[in-house]
Amino acid sequence: MSRVFFRTSYVLLFLVGLVLPADGQHLPDGAEDWYLETSDGVDLFVVEFGAAAAPGDTVVVLHGGWGAEQSYLWSAVEPLTGQYHFVFYDQRGSLRSPAPDSTISLQRFVSDLEDLRSELGQERLTIFAHSMGSRLAYAYLRKYPDRVRRLALAGPLVPTGSGVGNKQKMRKARKQFVQWAEKREKAEVAEEGLDSDSLSDREKTARWRIGFAAGNIHHVERWRQMKGGRAFYNGEIAELINENTPDSLRANQVKALRTSEVPVRVIIGDHDLVDFGLVSWPAVADTLRNVEMTTLENAGHNAWVDHPGRFNDALRRALDSSAE
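Keep in mind that this is a model prediction, so the values were computed, not measured.

1. Looking at the pattern of salt bridges
Link 1 in the chain: Taken as a whole, this structure holds 14 salt bridges when the rule is applied.
Link 2 in the chain: Across the pair R108 and D115 runs a salt bridge, and its minimum N-O distance is 3.6 Å. For the pair R108 and D115, one class covers both residues: buried.
Link 3 in the chain: Linking D313 and R316 is a salt bridge whose minimum nitrogen-to-oxygen distance equals 3.4 Å.

See below:
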């Protein structure tokens, strides 16, 4: 295992590091950016683009992390901008939304999302969440069940309190994930001629990106689509949330899904790091009557990079309220 991947794979297993695409700071065509002043005076950076805003076609997007930011998800929704209006924001403490450490908590994140809903004038929210953003979606649904229209979850974490799944199988799956990603990283590094101890900084960056891609996508050869990363991620946010969030708020997240009538649509690749080999999510979905799951074969955590067309079709179905 290369030293680069050892560092990144540990982070990936705990979902506190994400790969970010090349568009970085450049706004999508037709986008508007502004700042939301939250109820405690913190400014959150907001970007919105797509079709004209309306109650049924406005989608609030929750990025992963904790401590990542929004821009890596722009390309995931771009094909649907003619049909939906997307609202993104950097969660507090993330890149363009600095905040005091003492205010970084899951309960505060929930309040921020409620502040955004109020500012947007939406009676209920349609939410698209990726990765750790699902934790925020569960918590918001728990506190404001009547203010959620539907949830579309891509690569979501298994909700706590589900009580299903074999822990031994899950531990084995995590080990298999590391081995799988390590093997693919090593092969791609060799293919690119980067398996040398003497690399330029540019080459070291390329090798680092390959390590990220090996954990986040199935088609590791597409690592060039995964530019960005380090400056876009604040690893301290996860630690602060753990310190400042009561255990009761993180416990039994599945209860919010089980007691809700809100449609929940899960999109997950069979090589996703959150549930490698799908040893947990299918069993969880079977216990929740309002949850439907779409599995994408040969896809990882950033499934829209692996299979853009199939992911877009799945997301379109997940957001389509007319099918209800």
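2. Observations regarding the packing of helix α5 (residues 167–191) against helix α6 (residues 201–216)
A pair of packed helices is characterised by two quantities: the angle between their axes and the separation of those axes.
Link 1 in the chain: Following both chains from N to C, one finds α5 and α6 inclined at 145°, their axes separated by 8 Å at the closest point. Two packed elements cross with a definite hand, and for α5 against α6 that hand is right-handed. When α5 is examined against α6, the residues F177, W180, A181, R184, E185, E188 and V189 are found in contact with a partner set consisting of R207, I210, G211, A214 and G215.

3. Let's talk about helix α3 (residues 106–120)
Link 1 in the chain: Here α3 spans 21 Å end to end across 15 residues, near enough to the 21 Å set by a 1.5 Å rise per residue.
Link 2 in the chain: Of the residues flanking the end of α3, it is G121, one or two places downstream, whose phi is positive at about 75°.

4. Details of empty space enclosed by the protein
Link 1 in the chain: Within this structure, the stated rule accounts for one cavity of 30 Å³ or more.
Link 2 in the chain: Estimated volume of the largest cavity: approximately 30 Å³.
Link 3 in the chain: Taken together, A154, G155, I267, I268, G269, D272, G300, H301, A303 and F311 form the lining of the largest cavity.
Link 4 in the chain: For the lining of the largest cavity, the element with the most residues is strand β7 (residues 264–269), which contributes three residues.
Link 5 in the chain: Residue composition of the lining of the largest cavity, by class: five nonpolar, four polar and one charged.

5. Quick word on the sheet that holds strand β8 (residues 291–296)
Link 1 in the chain: Strand order in the open sheet formed by eight strands is β1-β2-β4-β3-β5-β6-β7-β8, with mixed pairing between adjacent strands. Edge positions in the open sheet fall to β1 (32–37) and β8, since each of these has one partner strand only. The mean angle between the axes of side-by-side strands here comes to 20°, regardless of whether they run parallel or antiparallel.
Link 2 in the chain: Each of β1, β2 (43–50), β3 (58–62), β4 (85–89) and β5 (125–130) touches α3; the most contacted strand, β1, lies at about 120° to it.
Link 3 in the chain: Here helix α12 (residues 308–319) sits on the sheet in contact with β3, β4, β5, β6 (148–154), β7 and β8, set at roughly 160° to β6.

6. Re the nonpolar core
Most often, soluble globular proteins keep nonpolar side chains buried together rather than apart.
Link 1 in the chain: Core analysis: the biggest nonpolar cluster contains 96 residues, and F128, L151 and F311 have the highest contact counts within it.
Link 2 in the chain: Counting residues per element, this core draws most heavily on helix α4 (residues 133–143), which supplies six residues.
Link 3 in the chain: When sequence neighbours within four positions are dropped, the list of residues in contact with F311 reads A76, F128, A154, I267, L296, A303 and W304.

7. Let's talk about the packing of aromatic side chains
Link 1 in the chain: The full count for this structure, using the stated rule, is twelve aromatic pairs.
Link 2 in the chain: Each residue in the set F49, Y84, F86 and F88 is aromatic and connected to the rest through ring pairs, giving one cluster.
Link 3 in the chain: The side chain of R184 reaches across the aromatic face of W180, ending 3.8 Å from its centre.
Link 4 in the chain: When the ring centre of W208 is taken as origin, the NZ or CZ atom of R230, which lies over that ring, is 4.6 Å away.

Conventions and cut-offs
Residues numbered from 1 in each chain as written. Predicted model: local features only at pLDDT ≥ 70, side-chain atom pairs only at ≥ 80, totals over all residues. Heavy atoms only, no water. Salt bridge = Lys/Arg side-chain N within 4 Å of Asp/Glu carboxyl O. Buried < 20%, exposed > 50% of the residue type's maximum accessible area, 1.4 Å probe, protein only. Axes fitted to C-alpha atoms, helices over the stretch in contact; angles between N-to-C directions. Helix = DSSP H or I, 4+ residues; strand = E, 2+ residues; numbered from the N terminus. Left-handed = near helix turned anticlockwise from the far one by under 90°. Contact = heavy atoms within 4.5 Å. Expected span 1.5 Å × (residues − 1). 1 Å grid on protein atoms, 1.4 Å probe; cavity = no way out; pocket = protein on both sides within 12 Å on 5 of 7 lines; lining within 4 Å. Points joined across faces, edges and corners; volume = space filled by probe spheres on them. Nonpolar A, V, L, I, M, F, W, Y, C, P; charged D, E, K, R; others polar. Pairing = 2+ DSSP bridges. Core = buried A, V, L, I, M, F, W, Y, C linked by side-chain atoms within 4.5 Å. Phe/Tyr/Trp six-rings, centres within 6.5 Å; stacked < 30°, edge-to-face > 60°. Lys NZ or Arg CZ within 6 Å of the ring centre and 35° of its normal.

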